[in-house]
Amino acid sequence: MDPASKSKRLFPILLAIIGLVVGVLLSLIINKPGQIARTDVTIPGLLWPNPKPITPFQLIDQNGKPFNLENLKGQWSLLFFGYTHCPDVCPTTMTLMNSIVNELSAENKPVPQVIFITVDPERDTQKQLADYVAYFNPSFQGLTGSEEAIAALTKQIGVLSMKIPDKNSTNASDYLMDHSASILFIGPEARLIGIFSAPHDKTDIKQRYLAMVDFINHQS
Amino acid sequence: MMKKRLLIFLISFLSFSALAEQTVTTENAWLREAPPTVKVWAAYMTLKNPTDQDMVLIDADSPAFENLMFHKTEIIDGIAKMHHADHIVIPAHSSFEFKPGEYHIMLMGRKIPLKEGDEVKLTLIFKNLERQEITAVVKKSSNENMQ
Ligand SMILES: [Cu+2]
């Protein structure tokens, strides 16, 4: 074998090695460290690449102040739809969200605003909501409005509710509400970014919330 | 003679201890404290049935509430629903648990103010007409007691 043919055979191998080194170096230069694995991110409940922009709505908070689309902008929000006469699912979820925000705050992580929106405006007055949300956490907000005003928000994000008369009661004000049990996650651009469906687990939701916050922060 | 006495003693002892165990017992009965304006509450507990027969809970009553019923929370396609349960079966040599997110005793129309630490009397009424007075404690819900 003469030296010329030997180097001919080595040349493609050398080229491949050079290509690999250049490729690795380039990828290190071009990508910031956090972005390398971002293309194949899968967080259960994350609505990507199609987050849903929220369109205008007009509700009233527990202090009687207007709450609209602007109040969702510039911060992370967790939304939960329920009613104060709900003794099982709603207090369980409110307690869970309280634990989550307390932990996030203690760990210096981004703390979302927590918003409870009634699906039962007939019984959930502003005063009733004020007492209700403050019981779980003084920073929680409670929203109400006319049925139409609430529907203007629930319809666009797929939240359902239905009034169920209580067959065992003669009192017309004793009724139950079937309602979505999911916690909705809205990003700072007022887009629905994720849905946490029930049954809820505190650690699981907290981890997915943080993963989603991190994911959104690395977009744009 | 001795033998006969011993036998009588044994039989009465055995039947007495059998009688003493012949009913459902409740453990960890509690009511979830709700905000002061909320009049609809929920109670949770574990019922144990050491007997050879299924026991059927058909009703419950409390002086602190107007109306009690058995409910099961179900989440169907993301929607939380509460279904009325006519009765609750506690199978023989087994137990039944009322717990958050599943079965609960729904207490409607709270008559008196209640807060954490208060004790509430409940009467459990079984199909065999047995009535049991139990005491449930008002607790704040936390993630610990909801597991
Ligand atoms: Cu119920």
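Parameters and conventions
Residues numbered from 1 in each chain as written. Chains lettered and ligands numbered in written order. Predicted model: local features only at pLDDT ≥ 70, side-chain atom pairs only at ≥ 80, totals over all residues. Heavy atoms only, no water. Axes fitted to C-alpha atoms, helices over the stretch in contact; angles between N-to-C directions. Helix = DSSP H or I, 4+ residues; strand = E, 2+ residues; numbered from the N terminus. Parallel < 35°, antiparallel > 145°, perpendicular 65-115°, else oblique. Left-handed = near helix turned anticlockwise from the far one by under 90°. Contact = heavy atoms within 4.5 Å. Nonpolar A, V, L, I, M, F, W, Y, C, P; charged D, E, K, R; others polar. Pairing = 2+ DSSP bridges. 1 Å grid on protein atoms, 1.4 Å probe; cavity = no way out; pocket = protein on both sides within 12 Å on 5 of 7 lines; lining within 4 Å. Points joined across faces, edges and corners; volume = space filled by probe spheres on them. Phe/Tyr/Trp six-rings, centres within 6.5 Å; stacked < 30°, edge-to-face > 60°. Buried < 20%, exposed > 50% of the residue type's maximum accessible area, 1.4 Å probe, protein only. Lys NZ or Arg CZ within 6 Å of the ring centre and 35° of its normal.

Undergrad: I keep staring at the packing of helix α2 (residues 89–106) of chain A against helix α5 (residues 202–217) of chain A and nothing clicks. Help me out?
TA: The axes of two packed helices give the description: the angle between them and the distance between them. All names here are of chain A. At a closest axis distance of 10 Å, the pairing of α2 and α5 adopts a crossing angle of 50°. The orientation of α2 with respect to α5, classified from their angle, is oblique. In this structure, the crossing between α2 and α5 has a hand that is right-handed. Contact residues: α2 offers L96, S99, I100, E103 and L104, while α5 offers K202, I205, K206, Y209 and L210. By residue class, the composition of the contact of α2 with α5 is 6 nonpolar, 1 polar and 3 charged.

Undergrad: Where do I start with the pairing of strand β5 (residues 79–85) of chain B in this structure?
TA: One face of the sheet, then the other: side chains in a regular strand alternate in exactly this way. Pairing analysis gives 2 bridges linking strand β8 (residues 175–180) of chain A to β5(B), with the strands arranged antiparallel. Bridging across to β5(B), H179(A) finds its partner in A80(B). One ladder, built from 7 bridges, connects strand β4 (residues 65–76) of chain B with β5(B); its direction is antiparallel. In the sheet register, I75(B) faces β5(B), and the bridge partner there is A80(B). Remark: 2 residues form the turn of the hairpin made by β4(B) and β5(B), two consecutive strands paired antiparallel; D77(B) in that turn has positive phi of roughly 50°.

Undergrad: How should empty space enclosed by the protein be read in this particular structure?
TA: Which parts of space are left empty comes out when a probe the size of a water molecule is rolled across the atoms. Tallied over the full model, the rule gives 2 cavities of 30 Å³ or more. Its boundaries defined by the atoms lining it, the largest cavity holds a volume of some 60 Å³. If you go around the largest cavity, you meet 13 residues; those closest to its centre are C86(A), P87(A), P91(A), A34(B) and V38(B). A per-class count over the lining of the largest cavity returns 10 nonpolar, 1 polar and 2 charged. Taken as a whole, the second largest cavity holds about 50 Å³ of empty space. What lines the second largest cavity is simply Y83(A), C86(A), V89(A), M177(A), H179(A), T73(B), A80(B), K81(B) and M82(B). Counting residues per element, the ones that place at least two in the lining of the second largest cavity are β8 of chain A together with β5 of chain B. Of the residues forming the lining of the second largest cavity, the biggest block, 3 residues, is contributed by β5(B). Residue classes in the lining of the second largest cavity are distributed as 6 nonpolar, 2 polar and 1 charged.

Undergrad: Looking at this structure, I do not really get the packing of aromatic side chains. What am I missing?
TA: Remark: the centre distance and the inter-plane angle together describe each pair of aromatic rings, the angle taken between the planes. What the rule picks out here adds up to 14 aromatic pairs over all chains. Their ring planes at 90° and their centres at 5.0 Å tell us that Y135(A) and F136(A) sit as a pair that is edge-to-face. Relative to Y103(B), the ring of F96(B) has its centre 5.0 Å away and its plane inclined at 65°; by these criteria the two rings are edge-to-face. Look at F96(B) and you get buried, because its relative accessible area is 14%. Residue Y103(B) is classed as partly exposed on the basis of its relative accessible area of 23%. Over the face of the ring belonging to Y175(A) we find K163(A), whose NZ or CZ atom lies 4.2 Å from the ring centre.

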